[in-house]
Amino acid sequence: MHPPQWIAAWVLLLHGCAMDRPPQAASAKTDIRNCTADPPYLPPTAINTTARLAALRGTMRAHSVHAYIVPSTDAHMSEYIAERDSRLGWLTGFTGSAGTVVVTWDKAALWTDSRYWIQAERQLDCNWELQRTTWIKSIGLWILEAVPAGGNISLDPFLFSIDTWNSYSQALHGSGRTLLPIETNLVDQVWGDQRPPPASSEIYSLPAAFTGSSWQEKVAGIRQQMEQHVRRPTAVLLSGLEETAWLFNLRGNDIPYNPVFYSYTLLTNSSISLFVDETRLSAAARQSLRAGCPGPLCVELQEYGQARAHLRRYTQGNVTVWLGTEYTTYGLYGVIPQEKLLEDSYSPVMLAKAVKNAKEQELLRAAHVRDAVAVIQYLLWLEKMVPQGQVDEFSGAQHIDMLRQAQEHNRGPSFQSISASGLNAALAHYSPSNRSSRKLSVDEMYLSDTGGQYLDGTTDITRTMHWGVPTPLQKEAYTRVLMGNIDLSRLIFPPNTAGRVVESFARRALWNVGLNYGHGTGHGIGNFLSVHEWPVGFQSNNVPLTAGMFTSIEPGYYRDGEFGIRIEDVALVVEAQTKHHTGEKPFLTFEVVSLVPYDRNLIDLSLLSLEQLSLQRSSSFKDFAKSKVSSPVPSEKEFNLEENIPEDESSGSVPDDAARSSGMKLSKKWRAVISRTMNRKMGRMAVKALAEGKQGDVEEEGSLCPLSPAGSTEEPSHEKVPLSYLEMEEDGHPSVSRQLSSGEPGPGRTPAPRPAAGRILISLPSTGSDVSSPGSSNRDSLRLEESGPAYSGPFCGRARVHTDFTPSPYDKDSLKLRKGDIIGIIEKPPVGTWTGLLNNRVGSFKFIYVDVIPEETAPARKSRGPSKSKRLKPKTLHELLERINLQEHASTLLLNGYQTLEDFKELRETHLNELNITDPQHRAKLLTAAELLLDYDTSEPEEGDSSEAQPSPSEPKGDIPRDSGCFEGSETLDSSRDEAELGGPEGQLRDLSLAESS
């Protein structure tokens, strides 16, 4: 979501000059007003404000006011405000979150930034001029033209910050006009009884599990800063609602989407005064605040409306009040004598809140993991439903909110969901309604900017999609926006660098072709607080970036009347690992914690560099999946990716229990697509948690991942013979999965962990029934009726189902398999569906991993002696592809998660099918190279060690997943080549590079 706008002059200049067409000008379209027509045309979204303006002008004349300025904020400088404080919205009909209104006796004008220009043309009637800027200097010039000399320009001093008041004062200085504060709000007088009542909901304490530290620890930290300051202030005044909520670990519901409550705080070196509606505090909140009474940690509760009077009394003594000018209103500031003021742009509480400690970082990561589940569910739902014409912008926004509500700790959206299709996406902050909602179409781009509030964190993420064939401009623009996102998120920069210094990296790819965007590039984000958390971001009034800060990174591009693009991720500022260390403080970079993939359909790979293609995202998922004392452990249900999503007919007959048990619902596309956001190993862990909902520790990198990235969405081309479970293998021993239930490990085997819930789920597709049995030694309880004649023909080998086995949701037979089952191989066609024998029953299986079991002792490998022609192991994937002359596949491999040699080692034939690499020679070379990399690690002696490698002759290479069978291919290389003659892996890689020339 976009940051608030105080756009610097150079950004506006570039926006006007660099765009390929004039920015968002009004036109004769039927969805915006046309005040030059006779009669003027107003769209149904516009509000008639004639009566309201007439009433306000009458009140202005009664107070001798010639121009009245109305902002879009409240008494706490909040960006998002309660309906009760939406004075600008009530007066104009404009619902944007940023704007300023000036009303004179005969004119009225609205100033807003480029995010809202089209929205304003849709919502304003012809009583209003639209000024396409936010500069206070521009507002001042307009007032000087509209108000004659000697006139009074008034405003409510409790709705303008100190800095804003000073800017207006400077703009009108020496003009003969008087800037006159009026404490009685004139809009409120006109609004009268129709104005919504004050909030009355409960103010509650945040559980300790969701706070970074206790409020007493936070108070002690602020008091320590007061003591260490050169001016030794005696008090800190807090006016921002987030400041008080964060300091006391309290939350409320006074402002939609923001868990804050109306309050002020005066924290002195010996007392604490909280100005709030005391009757709304929960019993636990009151007890927490009063636990230290009497004493310096006792919170004195006072009426909200008494803050100004109390501050006036306090400043009569020998005191110094420390405050932040950005969030303190002129109405409060005016009662403090100048000599007793200590002014900074932001209070020490605001700055402390912006830098998250280790626990707060963990909590925010955890929230983004669960949020990613909901967003991926939404993308999958859209992919199924949009082609059917069943989704519009409004229903889409409602659906993503519903999916988030199903996640643990969710407390609603973090802002009104932006769900914009086609030309509506050109409005950066468009939110649909029943009146304006458009149908989502496969022929148009769709922009979804949404976020959630969770007890452990606030989220914000934007993705742009196209389900059909995008135009070349759409594809190029999307790719360049993505390039800007990647370039900024991977940037390494010195400590104490201001965001505005590095912001242009997000625009560079767009600037290179004369494109730009008119909004900010990022904003801070809170721990169950505001989705736009100041003072973090990339604008001129943001503080320097510091390790521990969270910020969004959200470049975009908008083409008026056609489409809009934005890609937004949330990133944590972290210390960078650099080759050199030149100062006391390390350099910094970003760690992206958003875990939702981008739309491959909109990416032009030819524009991306290899560095951009090798994008690797956060380790958040792995870190979160481990149990932590300091972070609440997620429940299983929150990782059910396809919960509440309509199933395809192909998987509709699979029993629900069996599906949940095996995690089979996650299809090929969604297993593979996650690797576009994370590296391949991290992606597998994410998929495992998403599909299976498994708790507990996740294997570290380097261990065997319990999920295969392979899968298929193809339907079976023939009727398969259903496979019944029998308890005995052909060798007379129970299968491994059955041994787990009976407690009878097979000979020489170590029992694996017991299946979930302590039972085995067995399905019979032919009857549609489930059979479940608890662990028992009674084999008869698990025996099922035979569903077909026993197979008595020949087979050409045996294989054990690999630990990477995950059944395909489109292959009913594979659902019968368990890790460790022994299968007799009958045949293996090259397409990947092979026929096998299990318990004397034949089945066809798709893309499953097995370990081939040797039938006889394999000869020991020969020692690799020193060779003059020996070449070192390649250090990077790019170097390996250069050696075998297949650099053309680098982008495809990198984008699909094969980013390192460790990833490439796991390449299998089924993966090549996913990658759409069809050339037989290229396939053979890639598979052979992947296996040779394993040889480097498993059989090459250490330096100075000439001993021969002696692997166990009867033990299969369990670390190499196989999809082997009775066919010639890469899987048989291990037993067919003579490594001594080939000169080891380095020689074979060299031979591969010469294969085409021969």
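Scroll up to find the structure this text is about.
Residues numbered from 1 in each chain as written. Predicted model: local features only at pLDDT ≥ 70, side-chain atom pairs only at ≥ 80, totals over all residues. Heavy atoms only, no water.

Colleague: Can you tell me about the overall build of the protein, naming the residues and giving the values?
Modeller: Helix and strand counts for the protein come out as 32 helices and 34 strands. Counting all 998 residues of the protein, 57% fall into the buried class. Of the contacts made within the protein by residues no fewer than 6 positions apart, 72% connect residues no fewer than 24 positions apart. (Helix = DSSP H or I, 4+ residues; strand = E, 2+ residues; numbered from the N terminus. Buried < 20%, exposed > 50% of the residue type's maximum accessible area, 1.4 Å probe, protein only. Contact = heavy atoms within 4.5 Å.)

Colleague: Any details on the state of the cysteines? Residues and values, ideally.
Modeller: Counting across every chain of the model gives two disulfides. Sulfur-sulfur distance for the disulfide between C35 and C126 comes to 2.0 Å. Judged by the sign of its S-S torsion, about -100°, the cystine formed by C35 and C126 is left-handed. Pair noted here: C35 is in the loop between α1 (9–18) and α2 (50–62) and C126 is in the loop between α4 (117–123) and β4 (129–131), with a separation of 91 residues, a long-range link. (Disulfide = S-S within 2.5 Å.)

Colleague: Got a sec to walk through the pattern of salt bridges? Specific residues and values, please.
Modeller: By the definition in use, this model includes 29 salt bridges. As a salt-bridge pair, E533 and K356 come within 2.4 Å of each other at their nearest N and O atoms. Remark: K356 occurs in the loop between α13 (348–354) and α14 (358–385) and E533 occurs in strand β22 (residues 533–537); sequence separation between them is 177 residues. Here E533 falls in the buried class, since its relative accessible area comes to 2%. Look at the salt bridges and you will find they share partners, linking D85, R87, D188 and R195 into a network. (Salt bridge = Lys/Arg side-chain N within 4 Å of Asp/Glu carboxyl O.)

Colleague: Provide a residue-level description of the sheet that holds strand β15 (residues 410–413), including the pertinent values.
Modeller: Taken together, three strands build an open sheet; the order of strands is β15-β18-β19 and the sheet is antiparallel. Each end of this open sheet is capped by a strand with a single partner; those strands are β15 and β19 (457–458). Bridge count between strand β18 (residues 452–454) and β19: two bridges; the pairing is antiparallel. Bridge pairing in β19 links Y454 to G457. (Pairing = 2+ DSSP bridges.)

Colleague: So what's going on with the pairing of strand β2 (residues 100–104)? Residues and values would help.
Modeller: Where burial is concerned, most of β2 is hidden: five out of the five residues are buried. Neither face of β2 is exposed, since T100, V102 and T104 on one face and V101 and V103 on the opposite face are all buried. Two strands pair when backbone bridges link them, and strand β1 (residues 67–71) and β2 are joined in this way by five bridges, in the antiparallel orientation. Bridge pairing links Y68 to V103 in β2. Note that β2 and strand β3 (residues 108–111) share four bridges and pair antiparallel. Note on β3: the bridge partner recorded for V101 is L110.

Colleague: Which residues make up the pairing of strand β12 (residues 299–302), and what are the values?
Modeller: Burial along β12 is one-sided: the face carrying V299 and L301 is buried and the face carrying E300 and Q302 is not. Strand direction decides the pairing type here: strand β11 (residues 272–275) and β12, joined by four bridges, are parallel. Opposite S273, over in β12, you have E300 as the bridge partner. Tracing the backbone out of β11, into helix α10 (residues 283–290) and back to the parallel element β12 gives a crossover that is right-handed. (Right-handed = clockwise from strand over helix to strand, strands pointing away.)

Colleague: Can you lay out the packing of helix α5 (residues 136–146) against helix α6 (residues 162–172) for me, pointing to particular residues and giving the numbers?
Modeller: Contact pair α5 / α6: the axes reach a minimum separation of 9 Å and the direction vectors enclose 45°. Here α5 lies oblique to α6, going by the angle between them. In this structure, α5 crosses over α6, and the sense of that crossing is right-handed. On the side of α5, the interface is formed by I136, I139, G140, I143 and L144, while α6 contributes T164, S167, Y168, A171 and L172. Of the residues contributing to the contact of α5 with α6, the split by class is seven nonpolar, three polar and no charged. (Axes fitted to C-alpha atoms, helices over the stretch in contact; angles between N-to-C directions. Parallel < 35°, antiparallel > 145°, perpendicular 65-115°, else oblique. Left-handed = near helix turned anticlockwise from the far one by under 90°. Nonpolar A, V, L, I, M, F, W, Y, C, P; charged D, E, K, R; others polar.)

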